[in-house]
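Chains, contacts and geometry: an overview
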Amino acid sequence: AYGGRLAGEIGPFDTDSGMALGMDASLSALQIGRIPVITRMVPQKLNGRLDGRLQIDNQGLLNANLRVAKASVQLRVPMFGLKALNFETIDSELIFDGNRIELKECSLQGAEVDGTISGSIRLDARRGLATLDLKGTASPHHAFLAKIENSLPAKMLKGRDKIGFKLTGPIQSPAISFE
């Protein structure tokens, strides 16, 4: 259903408070836009190939190192002339505790812009909602800057090679602010 492959092991291990269930799994070539848990939480259309490793530690936390290749995020409202954000790779390290994703680090390499993102995403699975509290930097490529030279971000970059930003609020309609 998702394409690709998921393989791994689930088993018990000893902890200070008794036995716990652990997991170590690898993901290979899963189609991110076909994974229901993602498509329910993220209203924008997503495409890309997901690879990585998932582990549940003795605290019950899910640790993940993930890569999405050939990633595309369709924007609900075009931004700076773009209808979609396209990235060659998105590499991320995150921790999930059941209610919150802590994005320890995420790096994006794209055709128009490179960037970094970190922060948290609070999940309300019962209502299918996610709330963002993310910050990052964007480094637009020169060809992209030439296309948007009369827009606000290009002016904000004058004398700098990157711009800081924050994404906050509901994932369905996040607020973005530039630093």
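Because the structure is predicted, anything quoted here is derived from the model rather than measured.

Overview of the side chain of Asp 51
- Within the secondary structure, Asp 51 sits in strand β3 (residues 46-56).
- One polar contact links the side chain of Asp 51 to the main-chain amide nitrogen of Ala 29, over a distance of 2.7 Å.
- The residues touching Asp 51, leaving out its near neighbours within four places in the chain, are Leu 27, Ser 28, Ala 29, Asn 65, Leu 66 and Arg 67.

Considering the nonpolar core
- Leu 50, Leu 66, Ile 90, Ile 117, Ile 121 and Leu 134 are the most contacted members of the largest nonpolar core, which has 32 residues in total.
- Among all residues touching Leu 134, those that are not within four sequence positions of it are Leu 103, Ile 117, Ser 118, Gly 119, Ser 120, Ile 121, Phe 165, Lys 166 and Leu 167.

A look at the pattern of salt bridges
- Going through the model one piece at a time under the given rule, you end up with 6 salt bridges.
- In this structure, Asp 51 engages Arg 49 in a salt bridge whose closest nitrogen and oxygen atoms are separated by 3.0 Å.
- The exposure class assigned to Asp 51 is buried, which follows from its relative accessible area of 18%.

Structural notes on the confidence of the model for the protein chain
- In the predicted model, the protein chain carries a mean pLDDT of 87, and the fraction of residues at 70 or more is 90%.
- Ranking the helices and strands of the protein chain by mean pLDDT puts strand β6 (residues 100-110) first, with 96, and helix α3 (residues 152-156) last, with 59.

A few points about the pairing of strand β7 (residues 113-124)
- In terms of strand pairing, β6 meets β7 through 8 bridges, oriented antiparallel. Bridged to Leu 103 within β7 is Gly 119.
- Taking the residues that link successive antiparallel strands as the turn, the β6-β7 hairpin has 2 residues.
- Across 12 bridges, the pairing between β7 and strand β8 (residues 129-140) is antiparallel. Directly across from Ser 120, in β8, lies its bridge partner Asp 133.

Brief notes about the side chain of Gln 44
- Structurally, Gln 44 is set in the loop between α1 (36-41) and β3.
- Beyond its immediate stretch of four places on either side in the chain, Gln 44 contacts Val 73, Gln 74, Arg 76 and Ile 171.

As for a nonpolar patch on the surface
- A contiguous nonpolar surface patch, about 230 Å² in accessible area, is contributed by Phe 80, Ile 176 and Phe 178.
- Within the secondary structure, Phe 80 is located in the loop between β4 (62-79) and β5 (82-96).
- The class for Phe 80 is partly exposed, based on a relative accessible area of 32%.

Basis of the calculations
Residues numbered from 1 in each chain as written. Predicted model: local features only at pLDDT ≥ 70, side-chain atom pairs only at ≥ 80, totals over all residues. Heavy atoms only, no water. Helix = DSSP H or I, 4+ residues; strand = E, 2+ residues; numbered from the N terminus. Polar contact = N/O pair within 3.5 Å; in protein donor to acceptor, adjacent residues only side chain to side chain. Contact = heavy atoms within 4.5 Å. Core = buried A, V, L, I, M, F, W, Y, C linked by side-chain atoms within 4.5 Å. Buried < 20%, exposed > 50% of the residue type's maximum accessible area, 1.4 Å probe, protein only. Salt bridge = Lys/Arg side-chain N within 4 Å of Asp/Glu carboxyl O. pLDDT = per-residue confidence, 0-100. Pairing = 2+ DSSP bridges. Patch = residues over 30% accessible without salt bridge, like charges linked within 9 Å, V, L, I, M, F, W, Y side chains within 5 Å. Areas by Shrake-Rupley, 256 points an atom, 1.4 Å probe, with all protein chains shown as cover.

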